[in-house]
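Geometric and topological summary
Here is how the chains run, residue by residue.
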Amino acid sequence: MSALRVVDSNTLSVSGPQKKPEWENGWSENLASFIAGGDVESLIPKYVKRNRPMRLEGQYVQPEDAEFENSFLSVLHTYVFQKYFTPATEIFEFGSGTGINLIELANLFPEKTLHGLDWVESSKGILEKLSPKFGGRIRGHIFDMFSPESTVPIPPGSAVFTAGALEQLGTQFEAFLNFMIQCRPAICVHLEPVYELYDDNLLFDYVATRFSLARNWLRGFLPRLHDLQSQDAIEILKVKRTLGSFFHDGYSILAWRPKGADLSK
Ligand SMILES: C[S@@+](CC[C@H](N)C(=O)[O-])C[C@H]1O[C@@H](n2cnc3c(N)ncnc32)[C@H](O)[C@@H]1O
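Since the model is a prediction, treat every value here as computed from it, not as a measurement.

What counts and what doesn't
- Residues numbered from 1 in each chain as written.
- Predicted model: local features only at pLDDT ≥ 70, side-chain atom pairs only at ≥ 80, totals over all residues.
- Heavy atoms only, no water.
- Near = heavy atom within 4 Å.
- Polar contact = N/O pair within 3.5 Å; in protein donor to acceptor, adjacent residues only side chain to side chain.
- Areas by Shrake-Rupley, 256 points an atom, 1.4 Å probe, with all protein chains shown as cover.
- Helix = DSSP H or I, 4+ residues; strand = E, 2+ residues; numbered from the N terminus.
- Expected span 1.5 Å × (residues − 1).
- Buried < 20%, exposed > 50% of the residue type's maximum accessible area, 1.4 Å probe, protein only.
- Contact = heavy atoms within 4.5 Å.
- Phe/Tyr/Trp six-rings, centres within 6.5 Å; stacked < 30°, edge-to-face > 60°.
- Salt bridge = Lys/Arg side-chain N within 4 Å of Asp/Glu carboxyl O.

**Some details on the site of the ligand**
Neighbouring residues of the ligand: 21 residues in total, closest W27, E93, G95, D118 and M145. Here an oxygen atom of the ligand sits 2.6 Å away from a polar atom, N or O, in the side chain of D118. Within the backbone of A163, a nitrogen or oxygen atom sits 2.9 Å from a nitrogen atom of the ligand. Calculation on the ligand without its partners gives an accessible area of 590 Å², and the protein chains cover 95% of this total.

**Thoughts on unusual backbone geometry**
Leave glycine aside and you will find that most residues have negative phi; peptide bonds, for their part, are mostly trans. Located in the positive-phi region is E57, a residue other than glycine, with phi close to 45 degrees. The backbone phi angle of D232 is positive, close to 65 degrees, even though this residue is not glycine. Along the polypeptide, D232 turns up in the loop between α8 (221-230) and β8 (234-240).

**A look at helix α7 (residues 203-214)**
Between the first and last C-alpha of α7 there are 16 Å, a value that for twelve residues agrees with the 16 Å anticipated at 1.5 Å per step. Among all positions of α7, only F204, D205, V207, A208, T209, F211 and S212 are buried. Close packing links the buried residues of α7 with α1 (2-8), β1 (54-56) and β2 (59-61). Positive phi shows up at N216, right after α7, with a value of about 55 degrees.

**Points about the packing of aromatic side chains**
The geometry of an aromatic ring pair is captured by two quantities: the separation of the ring centres and the angle between the planes. All chains considered together, the criterion is met by 18 aromatic pairs. Between F72 and Y251, the aromatic rings sit 6.0 Å apart at their centres with planes inclined by 55 degrees, giving tilted as the arrangement. Placement of the pair is F72 in helix α3 (residues 68-85) and Y251 in the loop between β8 and β9 (252-258), with a sequence separation of 179 residues. By the burial criterion, F72 is buried, and Y251 matches it. An aromatic cluster is present here, built from Y60, F204, F211, W217, F246 and F247 joined pairwise through their rings.

**Quick word on the pattern of salt bridges**
Within this structure, the stated rule accounts for twelve salt bridges. The partner of E128 in a salt bridge is K124, with the nearest N and O atoms 3.6 Å apart. Of this pair, E128 and K124 both sit in helix α5 (residues 121-130), four residues apart, which is roughly one turn of the helix. Taking the relative accessible area as the measure of exposure, E128 reaches 49% and is therefore partly exposed. Accessibility expressed as a relative area gives 25% for K124, which makes it partly exposed. Linking E174 and R224 is a salt bridge whose minimum nitrogen-to-oxygen distance equals 2.9 Å. Of the two residues, E174 is situated in helix α6 (residues 174-183) and R224 in helix α8; the sequence distance between them amounts to 50 residues. Among the residues examined, E174 registers a relative accessible area of 30% and is labelled partly exposed.

**Thoughts on the side chain of S122**
Assignment of secondary structure puts S122 in helix α5. Using a relative accessible area of 5% as the deciding quantity, one classes S122 as buried. For S122, the residues in contact, after removing those within four places along its chain, are W23, E24, W27, S28 and L31.

**Focus: the side chain of H141**
Structurally, H141 is set in strand β5 (residues 138-142). Overall, the relative accessible area of 17% leaves H141 in the buried class. In this structure the side chain of H141 is engaged in a polar contact, spanning 2.8 Å, whose partner is the side chain of H115. Look past the residues within four positions of H141 in its chain and what remains in contact with it is H115, G116, L117, D118, K124 and V152.

Structure follows, in structure tokens:
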């Protein structure tokens, strides 16, 4: 009930091109704390809440550990990164924010070059400060998923990753999806809220669909992947819901690859 009240309050921030300054300001605060203290804790996004009920298999659960959501995320990341990214030559995270996922990747794969691409300067600024701590292997680039341009070469055998970033595109994902297909990475993996995985005949899922609509989050992406698979343009490798945070399931796994992608590396 309290989740629905928030949805109905009209106070939720709505994603879209107009939200860019909000991200710029948000990550500027993280950049300032990181410069002041230099600790990785300051790069944990403030929207990952502590001590909140979470969504698990159709029910709300209250974790005993206040840090449970962060711990769950680090286990999920380790599983997904090892399973899908071990053979990758380089890894490109789009909408990489504070670079917290790139740090996990850098620790897991000490030999790989990692790229963080985001549309705001403050995100690139954080990655530039982080990079020397990882021998220059983390590189920051400006990139707008609403208007993708091939400014950064994606070599054969690379992996593409997004987490809570496609979500921001609402229904305007087609240009970025085409971009990914044209770049022919070996694999694309997304940890995102997937609207079509909810069953809105169930109140529990209906709350999450209302939340997603109110925030203008990703819709139509999974059906589009299915279209492309039926045209033999891509292969879908995994579609799976996992745990959710209080309002929605933000960490569903989608893995796919463009057909003809170079898997030899
Ligand atoms: C919810 S945050 C996720 C950050 C990071 N992936 C993580 O897991 O911590 C969403 C990120 O997407 C970025 N973003 C939103 N719209 C974008 C766009 N059109 N192009 C590139 N980045 C975008 C935001 O600046 C922000 O860094």
